[in-house]
Amino acid sequence: IAIDCGNQEVLERTSMFVSPREVEARFVMGLPAQGRSILGQEAAAMFLHEIPQIAEAALFFHRLDADRMQRHVDVVEDHAVLQETLEEKGLVAFVADGAILPRRSGIDNRPLTEGAIPFVSPPTFRIALTAPNGGKITGMGIPRGVTLIVGGGFHGKSTLLNALKRSIFPHIPGDGREYVVTDATAVKIRAEDGRSISGVDISPFISNLPYGKDTRFFTTPNASGSTSQAANIMEALEMGSRLLLIDEDTSSTNFMIRDHRMQSLVTKEKEPITPFVDKVRQLKEDLGVSTLLVMGGSGDYLDQADRVILMEKYRPVDVTDRAREVVEQVATLRRPEGGGHFGRIPDRTPQASSFDPSRGRREVKIEAKGLKEILFGRERIELDAVEQLMEVSETRAIGEMILYFAKTCVPRGMGLREGLDCVLREMENKGLDLLSPYKLGCFAMPRIFEAAAAINRMRSLKISQKGIKLDIKK
Ligand code: ADP
Ligand code: MG
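Reading the values: rules and limits
- Residues numbered from 1 in each chain as written.
- Chains lettered and ligands numbered in written order.
- Predicted model: local features only at pLDDT ≥ 70, side-chain atom pairs only at ≥ 80, totals over all residues.
- Heavy atoms only, no water.
- Helix = DSSP H or I, 4+ residues; strand = E, 2+ residues; numbered from the N terminus.
- Rg over C-alpha atoms; globule rule 2.2 N^0.38 Å.
- Contact = heavy atoms within 4.5 Å.
- Areas by Shrake-Rupley, 256 points an atom, 1.4 Å probe, with all protein chains shown as cover.
- Lys, Arg positive; Asp, Glu negative; His and termini not counted.
- Charge placed at Lys NZ, Arg CZ, Asp CG, Glu CD.
- Donors = N, O, S within 2.8 Å, 3.2 Å for Na, K, Ca; no water.
- Buried < 20%, exposed > 50% of the residue type's maximum accessible area, 1.4 Å probe, protein only.
- Expected span 1.5 Å × (residues − 1).
- Pairing = 2+ DSSP bridges.
- Axes fitted to C-alpha atoms, helices over the stretch in contact; angles between N-to-C directions.
- Core = buried A, V, L, I, M, F, W, Y, C linked by side-chain atoms within 4.5 Å.
- Disulfide = S-S within 2.5 Å.
- Near = heavy atom within 4 Å.
- Polar contact = N/O pair within 3.5 Å; in protein donor to acceptor, adjacent residues only side chain to side chain.
- Nonpolar A, V, L, I, M, F, W, Y, C, P; charged D, E, K, R; others polar.
- Parallel < 35°, antiparallel > 145°, perpendicular 65-115°, else oblique.
- Left-handed = near helix turned anticlockwise from the far one by under 90°.

A. Highlighting the overall build of the protein. Scanning the protein for helices and strands turns up eleven helices and 23 strands. At 24 Å, the protein has a C-alpha radius of gyration in line with the 23 Å of a compact globule built from 474 residues. Overall, the protein is about 80 × 55 × 40 Å in size when its C-alpha atoms are taken along their principal axes. Counting contacts in the protein only where the partners sit at least 6 residues apart, residues at least 24 apart contribute 71% of the total. Split by element, the accessible area of the protein, about 22800 Å² in all, is 53% carbon and sulfur. Between the centroid of the 63 positive side chains of the protein and the centroid of its 65 negative side chains there is a distance of 4 Å.

This is how it looks when you write it as structure tokens:
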């Protein structure tokens with residue numbers, strides 16, 4: 001007997017519904033059997049004794065810890081309000097003083113229990129926000145623009161970024177990140193060599209590929225580190241991201257930097273890549289898209305940053321002024337290569353032939369194989385590099401969303417953004433039950449970014465570029 005309950009993050013899900021009139025719990029139960037015979041007595045005991053006992057213990061308010069429950073609701077509500085406040089205050093993220101960011105291990109999302117150093121904001125970044133339940137909360141506010149996180153190895157840079165990438169969702173009480181809040185449209189960007197790319201315009205970053213390969217409609221079954229990172233950015237922008245989160249640990253070096261010496265050795269005509277360092281300001285100025293970047297390895301980013309945060313023994317320090325001095329004293333010598341404007345972000349429209357959910361004799365066979373893989377008909381969609389997928393219930397919902405999108409949006413010629421927006425709005429209005437012909441308790445609400453990420457990684461995806469949403473060129 002099991003119920004889908006999520007883990008550290010709080011997502012809307014179909015396992016529980018609470019309304020003023022009733023409470024509905026959806027769970028799974030394995031019926032007892034021995035070989036091919038049904039164990040009726042045991043089944044009766046489960047139905048008549050165990051289930052009522054569980055329901056009695058779990059679903060009646062008088063049996064629950066009222067304070068704990070109130071705290072849970074308070075924290076989730078506060079996160080939602082603070083996330084809206086970010087926008088009003090011109091911020092992209094907030095990390096409360098006292099937050100516990102490190103996790104128990106690389107594969108354990110629960111808080112580090114021993115030796116965790118609580119977060120303390122640098123005085124110059126400290127602001128106070130007001131949460132409806134938590135009251136006044138002080139912490140580090142990160143404004144829009146280009147923010148650089150620097151510092152020595154093992155000083156907590158990635159830990160900060162990882163906390164932010166997951167704080168698009170609320171965290172449960174006791175997690176340590178209850179009052180860490182990130183812009184809801186934040187997308188973690190990384191290199192992902194080997195992925196499939198279909199009809200993405202990566203020309204802002206990459207042009208003049210060998211043998212004239214088109215980068216305005218870039219298609220490959222096997223992307224390189226740099227082309228995959230470029231595509232990941234363009235796809236996030238297409239879906240409306242206003243904040244990119246990038247870590248040098250998971251980036252492609254030649255996509256991120258190209259220093260003076262390399263510019264001298266390999267001239268621009270021979271290098272297809274315009275490194276991110278030449279595009280990061282245009283993202284802000286042309287598109288209003290902010291970047292939060294962990295970069296301990298290249299000082300060329302200092303010229304581009306609005307502010308620089310140094311992580312020192314897990315403590316953030318404002319070194320913006322010091323960075324300005326360094327920029328004045330130590331010339332970079334490199335030439336900007338980014339041109340005058342960011343470039344195009346065309347609308348992409350998937351074609352009907354991309355989607356075939358059938359397998360064998362089954363007309364529709366869709367399955368989430370754990371958190372990072374969807375089987376869609378005969379297609380295996382690999383999501384290992386999609387870092388902001390929180391739980392398998394979300395992955396499962398995305399699998400069904402693809403079918404729903406293919407059935408209802410593709411025939412009407414809707415683009416990926418327009419169609420997914422439309423499907424998500426329907427899911428919000430009518431509930432996630434929309435995704436299945438019968439009631440299931442194992443769906444959680446995904447974001448548009450992860451849903452699009454799955455479609456974009458389908459090896460069968462065929463795209464046409466229609467309107468150009470943004471063509472910022474004089
Ligand atoms: P960096 O990216 O700067 O190289 P990481 O963020 O990977 O460093 O952190 C290095 C180690 O320090 C990790 O094992 C992490 O769990 C731990 N760590 C990070 N922040 C804290 C903290 N506030 N308290 C205790 N340990 C921390
Ligand atoms: Mg790191």
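The structure having been displayed, the exposition proceeds.
B. Summary view of the coordination of the magnesium ion (ligand 2). Taken together, Ser158 (OG) and Asp249 (OD) make up the protein donors of the magnesium ion (ligand 2), found 2.1 to 2.2 Å from the metal. You can see Ser158 sitting in helix α3 (residues 157-166) and its partner Asp249 sitting in the loop between β15 (243-247) and α5 (253-256), a full 91 residues away along the chain. By relative accessible area, which is 58% here, Asp249 ends up exposed.

C. Structural context of helix α2 (residues 66-89). Taking 1.5 Å of rise per residue, the 24 residues of α2 would be expected to cover 34 Å, and the 34 Å separating its terminal C-alpha atoms lies within 8% of that figure. Within the sequence span of α2, burial applies to Asp74, Val75, Asp78, His79, Leu82, Gln83, Thr85 and Leu86. Residues of α2 that are buried sit in contact with β5 (91-96), β8 (126-131) and β11 (180-182). After α2 finishes, the residue Gly90 shows a positive phi value of roughly 70°.

D. Molecular detail of the sheet that holds β5. Taken together, the four strands give an open sheet; going across it, the order is β8-β9-β5-β11, and neighbouring strands pair in antiparallel fashion. This sheet does not close on itself; its edge strands, each paired only once, are β8 and β11. Taken pair by pair, the neighbouring strands of this sheet meet at an average axis angle of 35°, ignoring direction. Inspection of the sheet shows β8 paired to strand β9 (residues 135-143) by six bridges, in the antiparallel sense. Residue pairing in the sheet places Arg126 in a bridge with Met140 of β9. Running at roughly 55° to β11, α2 makes contact with β5, β8 and β11 of the sheet.

E. Representation of the pairing of β5 within the structure. Counting buried positions along β5 gives six out of six residues, so the element sits mostly inside the fold. Of the strand pairs in this sheet, β5 and β9 are connected by five bridges, and their pairing is antiparallel. Bridge pairing in β9 links Ala96 to Gly139. Pairing geometry for β5 and β11, over three bridges, is antiparallel. Bridge pairing in β11 places Phe94 opposite Val181.

F. Broad picture of the nonpolar core. Ranked by internal contacts, the top residues of the largest apolar core, which has 79 residues, are Phe276 and Phe355. Sort the elements by how many residues they give to this core and helix α9 (residues 392-408) lands first, with eight residues. Beyond its immediate stretch of four places on either side in the chain, Phe355 contacts Pro350, Phe376, Ile402, Phe405, Ala406, Val410, Ile455, Met458 and Leu461. Core analysis: the next-biggest nonpolar cluster, separate from the first, contains 27 residues, Leu164, Phe169, Val180 and Leu292 among them.

G. Structural detail: the state of the cysteines. Across all of its chains, the model carries zero disulfides by this definition. Cys409 carries a free sulfur, and the closest cysteine sulfur to it, the one in Cys422, is 5.1 Å from it. Cys409 gets classed as buried once you look at its relative accessible area, which sits at 1%. Among the cysteines around Cys442, which has no disulfide bond, Cys5 carries the closest sulfur, lying 13 Å off.

H. Representation of the site of ligand 1 within the structure. Taken together, 14 residues surround ligand 1, and among them Ile117, Phe154, Lys157, Ser158 and Thr159 come closest. The contact in question runs from a nitrogen atom of ligand 1 to an N or O atom on the backbone of Ile117, over 2.8 Å. One of the side-chain N or O atoms of Thr159 is found 2.6 Å from an oxygen atom in ligand 1. Isolated, ligand 1 exposes 570 Å² of accessible area, and the fraction of that covered by the protein chains is 79%. Residues of the shell around ligand 1, tallied by class, amount to six nonpolar, seven polar and one charged.

I. Highlighting the environment of Arg258. Counting through the fold element by element, Arg258 comes out in the loop between α5 and α6 (260-265). Arg258 sits in the buried class, given a relative accessible area of 6%. Sequence separation of Arg258 and Glu337 is 79 residues, and the distance between their C-alpha atoms is 9.8 Å. If sequence neighbours within four positions are ignored, Arg258 has contacts with Gln263, Val266, Thr267, Lys268, Glu271, Ile273, Pro275, Asp300, Arg334 and Glu337. Within the structure, Arg258 has its side chain in polar contact with the backbone oxygen of Val266 (distance 3.0 Å).

J. View of the packing of α9 against helix α10 (residues 416-430). Here α9 crosses α10 at 115°, and the two axes come no closer than 10 Å. In terms of axis orientation, α9 runs roughly perpendicular to α10. The element α9 and its partner α10 pack so that their crossing is right-handed. Residue-level inspection shows Met401, Tyr404 and Phe405 of α9 in contact with α10, the latter providing Leu416, Gly419, Leu420, Val423, Leu424, Glu426 and Met427. Of the residues belonging to the contact of α9 with α10, the class tally is eight nonpolar, one polar and one charged.

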